[in-house]
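Notes for the structure review
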Protein chains: 2
Amino acid sequence: MITEITAEALDTDAFIKEKVLEIKSAVKNDLAINALSGGVDSSTVTLLGHRALGDRLKTVFIQNGLMREGEAEQVVGLFKTLGVPVKVIDARREFFAALEGVEDPEEKREAITQTFYKDVFGRLVKESGATCLLQGTILTDVDETVAGIKRQHNVFAQLGIDPQDTFGYAIVEPLIQLRKNGVRTVGRVLGLPTELFERIPFPGPALAARVIGAVTEARIETVRKATTVVERLLKDSGAFQYMAILHQDRVTGMRDGQRDFGLQIEVRCWESIDARKASPTRLSFDVLEKMAAEIVRDVPGVVSVTYNIASKPSSTIEAV
Amino acid sequence: MITEITAEALDTDAFIKEKVLEIKSAVKNDLAINALSGGVDSSTVTLLGHRALGDRLKTVFIQNGLMREGEAEQVVGLFKTLGVPVKVIDARREFFAALEGVEDPEEKREAITQTFYKDVFGRLVKESGATCLLQGTILTDVDETVAGIKRQHNVFAQLGIDPQDTFGYAIVEPLIQLRKNGVRTVGRVLGLPTELFERIPFPGPALAARVIGAVTEARIETVRKATTVVERLLKDSGAFQYMAILHQDRVTGMRDGQRDFGLQIEVRCWESIDARKASPTRLSFDVLEKMAAEIVRDVPGVVSVTYNIASKPSSTIEAV
């Protein structure tokens, strides 16, 4: 049973002190390793771990080929300015190989989890000599996994999996009692810059969660280009989250007066407090039509664009 | 080469007289048959043929199982008030058998065409003793078929198909020089009621064109229910056309707090003058969200609803 610390009850300085001690005592004189995605959770854990362990924490950014345009460079650059060196590991080949022929959303997550923890991380832990892995799991991840709504890739104990047995290393999850707003407070006090908090949430399986059906390099490149358009046009929308989703269905379209059986991109933009309930953002049709036109213009093969108008529930935030 | 008669150049009374003579001279003392779908084109042809031939024109409504809720009853009832008897032919079994396993849009149209003309109509023509088939082909159908944008099911000569050889009967197409607005004028003068002109355009392959992927009775029933909601909520929108499309892709949703991997309906609502160019109707989010909520409520299995925001081109009006 995990005891929640609400944002109101959170004594940030005391929390940081306690977690620094906890990390120190778990790692002892050994090395620890953590994977930074650039999200608020893993960024906060990186700074917390760095404060506890200094250069005994090895922080890696795993380039799985499923990231957004320029994402690795941005994250590494930001942490460089914070004095935290981040090593980029190119694991694209391994992830795409693991995802080949996988269409079921749950199996996609499983393929990414297995590749991440067992193959890529297993190898990195061995190479680094680390005995401990720091992770940014938060309470909402636990809730959703237990409820069966979505399997988060970073929740093991709740699923009865012992990472020591299964993967060969211990896992420390210093943020597991917090929800997103608590994590933001801790991250801010630790020195994370404002730009990082302004980043919208992004799923663990990254762009693989934004592709319905088969995940290939070509399909990821398609949804990556659409994501660039959507994030550029909606960054000032004030919305909770927004995304582009590549469908597997093909629809009839026209190019140069001829029929062109093409791709469809679905755009979702959400209003939400905590992701438990959400409704579509009431964007203007000027923005919606401009977005559709730019996606059709910039993303090869796309002939049709839709906008989600359902709420959560019955929808979920992500489609996959 | 077909000479266009524009709505401006149309002398309606002279046109009707000429076409009545043309039909009489084609049919001579034999019987003719025509299939009424309830659209403006086939309704106008029915009245024109009835004026030329009286009860020597046998008008049938083919129930292919792909029609909207209550459509057969409505159309037959309307023509009864106009003094034109219409016979309903139940051919559902044949159409669904022909569509089994067919996913490609072009093959769907082909399966429907073949079933309609060769199987069902071939049989009806033989049974009726008719030597001639009246058809509501208009000039836009010809243009689109020749351009390769969409194969209309009622254009043969342009495709080099001789219906006499292929199907065993002659085809008379009295409206082939007109476009939609010309047909409306003729229909109105012949006595078609206003309610018929207020019906939005509906494709030849009916709800089979509103289902991406396999056409089964269950999937048609799903899109039929969604169509009922969309038509009810948008009937006063003043839009050129609106529709519900059932996708084959499944998306993650929630029901009773549990994950439910469900169906998605795409709604399209178009502003257009002549269907050659079109843009999405700028519906209010009050209407869009109400529509999504009612579709999720009324259509079993649906968890997600989108609204088309692309224009034609690059989109087409229909998705299939």
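Scroll up to find the structure this text is about.
Residues numbered from 1 in each chain as written. Chains lettered and ligands numbered in written order. Predicted model: local features only at pLDDT ≥ 70, side-chain atom pairs only at ≥ 80, totals over all residues. Heavy atoms only, no water.

On to the overall build of chain A, then. Along the backbone of chain A there are 11 helices and nine strands. Computed over C-alpha atoms, the radius of gyration of chain A comes to 20 Å, within 12% of the 20 Å expected from 2.2 N^0.38 for 320 residues, which places it in the range of a compact globule. Based on the C-alpha atoms only, the size of chain A along its principal axes is roughly 70 × 40 × 40 Å. Per-residue burial for chain A yields a buried fraction of 57% across its 320 residues. Restricting to contacts in chain A with at least 6 residues of sequence separation, those with at least 24 account for 75%. A total of about 13300 Å² of accessible surface is found on chain A, and carbon and sulfur atoms cover 50% of it. Charged side chains of chain A number 40 positive and 45 negative; the gap between the two group centres comes to 2 Å. (Helix = DSSP H or I, 4+ residues; strand = E, 2+ residues; numbered from the N terminus. Rg over C-alpha atoms; globule rule 2.2 N^0.38 Å. Buried < 20%, exposed > 50% of the residue type's maximum accessible area, 1.4 Å probe, protein only. Contact = heavy atoms within 4.5 Å. Areas by Shrake-Rupley, 256 points an atom, 1.4 Å probe, with all protein chains shown as cover. Lys, Arg positive; Asp, Glu negative; His and termini not counted. Charge placed at Lys NZ, Arg CZ, Asp CG, Glu CD.)

The next subject is the environment of Ile220 of chain A. Residue and element names in this part refer to chain A. Tracing the sequence through the fold places Ile220 in helix H10 (residues 217-234). The buried category is assigned to Ile220, whose relative accessible area is 1%. For the pair Ile220 and Ala208, spaced 12 residues apart in sequence, the C-alpha separation works out to 7.1 Å. If near-sequence neighbours (up to four positions away) are discounted, Ile220 is found in contact with Gly65, Leu66, Phe96, Leu207, Ala208, Val211 and Val215.

A word on the interface of chain A and chain B. Of the residues lining the interface, 49 residues belong to chain A; the matching set on chain B comes to 49 residues. Roughly 4200 Å² is buried in total at the junction of chain A and chain B, and carbon and sulfur atoms are behind 54% of that figure. Ranking the residues of chain A by area buried against chain B places Met254, Phe285 and Ile309 of chain A at the top, with a combined share of 19%. Linking chain A with chain B are six salt bridges. Close ionic contact of Arg282 of chain B with Asp286 of chain A constitutes a salt bridge, the shortest N to O distance being 3.0 Å. (Buried area = accessible area lost by both parts, 1.4 Å probe. Salt bridge = Lys/Arg side-chain N within 4 Å of Asp/Glu carboxyl O.)

Below, the discussion takes up the relation of the copies chain A and chain B. For these two chains of identical sequence, chain A goes onto chain B by a turn of 180 degrees and a shift of 0.0 Å along the axis, with RMSD 0.0 Å. Taken together, the rotation and translation describe the operation of a two-fold axis. Among all residues of chain A, the minimum C-alpha distance to the rotation axis is found for Tyr307 of chain A, at 2.6 Å. (Least-squares fit on C-alpha atoms with pLDDT ≥ 70 in both.)

Turning our attention to helix H8 (residues 180-190) of chain B. Residues and elements named next belong to chain B. Turning to H8, its buried residues are Gly182, Val183, Val186, Gly187 and Leu190. Down the axis of H8, the smallest arc covering the buried residues is 135 degrees, so these residues share one side. In this fold, the buried residues of H8 make contact with helix H1 (12-27), helix H2 (40-53) and helix H9 (194-197). (Arc of directions from axis to C-beta.)

For the structure shown, the criterion picks out 46 salt bridges over all chains. The salt bridge involving Glu221 of chain A is made with Lys225 of chain A; its shortest N-O contact spans 3.1 Å. Taken as a pair, Glu221 of chain A and Lys225 of chain A lie in helix H10 at a separation of four residues, close to a single helical turn. For Glu221 of chain A, a relative accessible area of 29% puts it in the partly exposed group. For Glu4 of chain B, the salt bridge goes to Arg179 of chain B, with nearest N and O atoms at 3.2 Å. Linking Glu4 of chain B in the segment before H1 with Arg179 of chain B in the loop between strand E5 (170-172) and H8, this pair joins segments that are 175 residues apart in sequence. The exposure class of Glu4 of chain B is partly exposed, given its relative accessible area of 35%. Owing to a relative accessible area of 16%, Arg179 of chain B belongs among the buried residues under this scheme. Connected through shared salt-bridge partners, Arg232, Lys290, Glu294, Arg297 and Asp298 of chain A make up one network.

The quantities given are spatial measurements derived from coordinates; they are silent on function.
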